[in-house]
Amino acid sequence: EAQVTQNPRYLITVTGKKLTVTCSQNMNHEYMSWYRQDPGLGLRQIYYSMNVEVTDKGDVPEGYKVSRKEKRNFPLILESPSPNQTSLYFCASRRPQGAGTGELFFGEGSRLTVL
Amino acid sequence: LAKTTQPISMDSYEGQEVNITCSHNNIATNDYITWYQQFPSQGPRFIIQGYKTKVTNEVASLFIPADRKSSTLSLPRVSLSDTAVYYCLADFSGGYNKLIFGAGTRLAVHP
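Starting from 1, residues in each chain are numbered consecutively following that chain's sequence as written. Each chain takes a letter, starting from A, and each ligand takes a number, starting from 1, following the order in which they are written. With the structure being a predicted model, the display of local features is reserved for residues of pLDDT at least 70 and the display and counting of side-chain atom pairs for 80 or more, all residues being used for whole-chain, interface and lining totals. Side-chain measures were taken over the full set of non-hydrogen atoms in the model, leaving aside hydrogen atoms and water.

Chemist: Hey, could you run me through the overall build of chain B in this one?
Modeler: Secondary structure counts use DSSP, requiring at least four H or I residues in a row for a helix and at least two E residues in a row for a strand, with both numbered from the N terminus. Within chain B, the regular secondary structure consists of zero helices and ten strands. Our radius of gyration is a C-alpha quantity, and the globule rule it is checked against amounts to 2.2 Å times the number of residues to the power 0.38. By the compact-globule yardstick of 13 Å for 111 residues, chain B fits well, its C-alpha radius of gyration being 13 Å. Dimensions of chain B along its principal axes, counting C-alpha atoms only, are 40 × 30 × 25 Å. Categorising residues by exposure relies on relative accessible area from a 1.4 Å probe, with only protein chains included: less than 20% of the type maximum marks a residue as buried, more than 50% marks it as exposed, and the intermediate range marks it as partly exposed. Here chain B, with 111 residues, has 46% of them falling under the buried criterion. Any pair of residues with heavy atoms lying within 4.5 Å of one another is described as a contacting pair. In chain B, the share of contacts with a sequence separation of at least 24, taken over all contacts with a separation of at least 6, comes to 56%. The accessible surface values rely on the Shrake-Rupley method and a 1.4 Å probe; as for residues, cover is taken only from the protein chains in view. For chain B, the exposed area adds up to about 5,400 Å²; of that, 52% sits on carbon and sulfur atoms. Of the side chains in chain B, 9 bear a positive and 8 a negative charge, and the two mean positions are spaced by 7 Å. Neither His nor the chain ends is counted toward charge; the positive residues are Lys and Arg and the negative residues Asp and Glu. The location of each charge is read from NZ of Lys, CZ of Arg, CG of Asp or CD of Glu.

Set out below in structure tokens:
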């Protein structure tokens, strides 16, 4: 089954304790991206990657890091989480194709709480 | 990057047609208008995409006028299960790009 898998789905942590949210896709997609969703603000892009070893900042990259060492994985790293990073996070991927842009496939989401 | 503007919320009743308009005044030549649907606690799901005129699929229609400064998502005969948040975005052709989703439109369908 084609899917984007995120882990963990739920996490409660404390300020300053490094954490990683993993994202894996089994569709051989070149493009992957991370979003955070907060009430009233919709989806905001954190980082995106056009292919292995190619990443770029989205709208709200501060406080986050990413890496793309393999095509299927795109982990989101919070080196020193703070309470304002409490949010619902989504990973997505797509294969850009011909005319148009290709459909984004989203993961189930990871709800992170930083105390 | 083209920023989009949508109504924050809309209400409708089962069986009615719902039209959600999105404004994108500074859309670029290579941008496609794309709509996603999101249910609570789920990731967004692609609905429809278009460049100009009209596009129709099994769930929705998308109308884009010649100047492309706005677009309208049309949902025919909505049901309770269409209650969701709908996002409009300008998506650069090719698909390797930064994306701006915005706050979306919260559609509530009532019995």
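Chemist: Honestly, the interface of chain B and chain A in this entry has me stumped. Any pointers?
Modeler: Interface size is commonly expressed as the accessible surface area that is lost when the partners come together. Contacts between the two partners involve 23 residues from chain B, matched on the other side by 27 residues from chain A. Here the quantity called buried area is the total loss of accessible area, with a 1.4 Å probe, experienced by two parts when brought into contact, counted for both. Regarding the contact of chain B and chain A, the summed buried area is about 2,000 Å², with carbon and sulfur atoms giving 54% of it. It is B:Tyr96, B:Lys98 and B:Leu99 that lose the most area in chain B upon contact with chain A, and together they represent 28% of the buried surface on that side. Definition used for salt bridges: Asp or Glu carboxyl oxygen within 4 Å of a side-chain nitrogen of Lys or Arg. On inspection of chain B and its partner chain A, the count reaches one salt bridge. The partner of B:Asp91 in a salt bridge is A:Arg94, and the shortest N-O contact between them spans 2.6 Å. Polar contacts here mean pairs of N or O atoms no more than 3.5 Å apart (in protein, one a potential hydrogen donor and the other a potential acceptor; neighbouring residues in sequence count only if both atoms are side-chain atoms). Counting the contacts that link chain B with chain A gives seven residue pairs in polar contact (both at pLDDT 80 or more). Elements with a contribution of two residues or more to the side of chain B that touches chain A: strand E3 (31–38), strand E4 (45–50), strand E8 (84–92) and strand E9 (100–102) of chain B.

Chemist: Explain the pairing of strand E3 (residues 19–25) of chain A here, please?
Modeler: For a regular strand, the rule is simple: side chains alternate between the two faces of the sheet. All names here are of chain A. Most of E3 is tucked away: five of the seven residues are buried. The pairing criterion for strands is at least two bridges between them, as found by DSSP. Pairing between strand E1 (residues 4–7) and E3: four bridges, direction antiparallel. When the bridges of E3 are listed, Thr5 appears paired with Ser24. Bridge analysis of E3 against strand E8 (residues 76–78) gives three bridges, and the strand direction is antiparallel. Along E8, the bridge assignment pairs Leu19 with Leu78.

Chemist: For this particular structure, what's the right way to read the pattern of salt bridges?
Modeler: Between side chains of opposite charge, a pair can form when the charged atoms approach closely. Residues and elements named next belong to chain A. Taken as a whole, this structure holds six salt bridges over all chains when the rule is applied. Lys71 is the salt-bridge partner of Glu30, the closest N and O atoms lying 3.8 Å from each other. Linking Glu30 in the loop between E3 and strand E4 (31–38) with Lys71 in the loop between strand E7 (65–66) and E8, this pair joins segments that are 41 residues apart in sequence. The exposure class of Glu30 is buried, given its relative accessible area of 16%. Here the salt bridges do not stand alone but share partners, grouping Lys18, Lys65 and Glu79 into one network.

Chemist: Can you help me understand the sheet that holds strand E5 (residues 53–56) of chain B in this one?
Modeler: Residue and element names in this part refer to chain B. Pairing in this open sheet of four strands is antiparallel, and the strands run E2-E7-E6-E5 from one edge to the other. The open sheet has two edge strands with one neighbour each: strand E2 (18–23) and E5. Going from strand to strand, the sheet's axes swing by 15° on average, the running direction of each strand aside. Each axis is a line fitted through C-alpha atoms, and for a helix only the stretch in contact is used; angles between axes span 0 to 180 degrees, taken between their N-to-C directions.

Chemist: I'm lost on the environment of A:Ser87 in this one. Help?
Modeler: Residue and element names in this part refer to chain A. Structurally, Ser87 can be placed in strand E9 (residues 87–94). Residue classification places Ser87 among the buried positions, given a relative accessible area of 6%. Remark: the alpha-carbon pair of Ser87 and Thr113, spanning 26 residues in sequence, is separated by 6.7 Å. Discounting residues that sit within four places of it in the chain, Ser87 has contacts with Arg36, Gln37, Asp38, Ser110, Arg111 and Leu112.

Chemist: Just to check I follow, could you spell out the state of the cysteines for this structure?
Modeler: The bond known as a disulfide is covalent and runs between the sulfur atoms of two cysteines. Residues and elements named next belong to chain A. A pair of sulfur atoms, both from cysteines and within 2.5 Å, is called a disulfide here. Here the structure, examined in full by the defined rule, presents two disulfides over all chains. Covalent S-S linkage joins Cys23 and Cys91, the inter-sulfur distance amounting to 1.8 Å. Looking down the S-S bond of the Cys23 and Cys91 bridge, the torsion is -75°, so its handedness is left-handed. Here Cys23 is found in strand E3, whereas its partner Cys91 is found in strand E9, with 68 residues between them in sequence. Judged by its relative accessible area of 0%, Cys91 falls in the buried class.

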